[in-house]
Amino acid sequence: MRLEKCWFCSSTVYPGHGIQYVRNDAKVFRFCRSKCHKNFKMKRNPRKVKWTKAYRRLNGKDMTQDATFEFERKRNRPERYDRSVTENTLKAIKKIDKVRVDREARHHSQRMKGKKAQVLREATKELEQSIHMVKAPAALQEDSSLTLPKIKVKVSQPTEDNRMLE
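Residues numbered from 1 in each chain as written. Predicted model: local features only at pLDDT ≥ 70, side-chain atom pairs only at ≥ 80, totals over all residues. Heavy atoms only, no water.

As annotated in an unreviewed UniProt entry, the protein carries the name TRASH domain-containing protein and comes from Penstemon davidsonii. Word for word, the UniProt comment on the protein under Subcellular location (unreviewed entry) is "Nucleus". (UniProt positions renumbered as here; feature names shortened; annotations may be inferred.)

Now the structure itself:
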């Protein structure tokens, strides 16, 4: 069973699925679905369309440089059957899949590292702005511990020279 890659979005095209387009110069383009085929006909660049694999790799959303991808490309080529080689290959495939999953998880955690602090800051800011919606104004006046502490900032007073310049 030969699994092809979609020319536009790089997803897998299984046998009996998708569309195959042959240009006048005999170049074959395979598409996984009509969405990809239509975008190709509209002459869209896959690197500029946000949902494609090319865009995600170009903008650092997916892993690009990894040795496990090279192994996947190599194993698509047909080779003469040899039982010991096949056995070793199947063991290697399992090991490589585990390595790939670990690396993808590490990549995802590195991408999401700064997200937690940002979400916390946004939540605090929103709570400061709309604390009156959470607690009644009368309760806030009675117990000042319910409100968030105010941050005091020193502001320098403009001098006579600065006022004249303005």
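The next thing to look at is the overall build of the protein. Of regular secondary structure, the protein possesses 8 helices and 4 strands. The 166 residues of the protein split such that 17% are buried. Sequence separation of 24 or more characterises 37% of the internal contacts of the protein that already satisfy a separation of 6 or more. In the form shown here, the protein has an accessible surface area of approximately 14,700 Å², with 52% of it arising from carbon and sulfur atoms. (Helix = DSSP H or I, 4+ residues; strand = E, 2+ residues; numbered from the N terminus. Buried < 20%, exposed > 50% of the residue type's maximum accessible area, 1.4 Å probe, protein only. Contact = heavy atoms within 4.5 Å. Areas by Shrake-Rupley, 256 points an atom, 1.4 Å probe, with all protein chains shown as cover.)

Within this structure, the stated rule accounts for 6 salt bridges. Of the charged contacts, one joins Arg2 and Glu4 as a salt bridge, the two residues approaching to 3.5 Å between their closest N and O atoms. By relative accessible area, which is 23% here, Glu4 ends up partly exposed. With a closest N to O distance of 3.2 Å, Asp25 and Arg23 form a salt bridge. Through salt bridges that share partners, Arg2, Glu4 and Arg30 make up one connected network. (Salt bridge = Lys/Arg side-chain N within 4 Å of Asp/Glu carboxyl O.)

Our next topic: the side chain of Asn39. Here Asn39 lies in helix 1 (residues 34-41). Setting aside its immediate chain neighbours within four residues, Asn39 contacts Phe8, Arg44 and Trp51.

Time to look at a nonpolar patch on the surface. Together, Met1, Leu3 and Tyr14 make up a nonpolar patch on the protein surface, roughly 370 Å² of accessible area in all. Checked against the element boundaries, Tyr14 lands in the loop between strand 2 (12-13) and strand 3 (19-22). (Patch = residues over 30% accessible without salt bridge, like charges linked within 9 Å, V, L, I, M, F, W, Y side chains within 5 Å.)

Looking now at helix 1. Three- or four-residue spacings in an α-helix give side chains the same orientation, since the helix completes a turn every 3.6 residues. The complete set of buried residues in helix 1 reads Cys36, His37, Asn39 and Phe40. What you see down the axis of helix 1 is that its buried residues fit within an arc of 165°, all on one side. Contacts made by the buried residues of helix 1 are with strand 3 and strand 4 (28-31). The first or second residue beyond helix 1 is Lys43, which carries a positive phi of 60°. (Arc of directions from axis to C-beta.)

Attention now goes to the nonpolar core. With 10 residues, the main nonpolar core is built from Cys6, Phe8, Cys9, Val13, Phe29, Phe31, Cys32, Cys36, Phe40 and Val49. Contributions of two or more residues to this core are made by strand 4 and helix 1. Contacts of Val49, omitting those with residues within four sequence positions, involve Phe8, Arg44 and Tyr55. (Core = buried A, V, L, I, M, F, W, Y, C linked by side-chain atoms within 4.5 Å.)

Further remarks concern the UniProt feature "domain: TRASH" (unreviewed entry) in the protein. Mapped onto the present numbering, the UniProt feature "domain: TRASH" (unreviewed entry) falls at residues 6-44. Secondary structure across residues 6-44 divides into 21% helix and 26% strand, with the first and last C-alpha atoms of the span separated by 15 Å.

Another point: the pairing of strand 3. Summarising the sheet, strand 3 and strand 4 pair through 4 bridges and their orientation is antiparallel. Paired with Tyr21 across the strands is Phe29, a residue of strand 4. The hairpin turn running from strand 3 into strand 4, its antiparallel successor, is 5 residues long, and Ala26 in that turn takes a positive phi close to 70°. (Pairing = 2+ DSSP bridges.)

Turning our attention to unusual backbone geometry. Among all residues except glycine, the phi angle is most often negative; among peptide bonds, the trans geometry is most common. Its identity is not glycine, yet Ser10 carries a phi of approximately 70°, on the positive side. On the secondary structure map, Ser10 appears in the loop between strand 1 (4-5) and strand 2. Here Ser10 falls in the partly exposed class, since its relative accessible area comes to 30%. Positive phi is not limited to glycine here, since Ala26 has a value of about 70°. Along the chain, Ala26 turns up in the loop between strand 3 and strand 4. Take Ala26: its relative accessible area is 59%, and that puts it in the exposed class.

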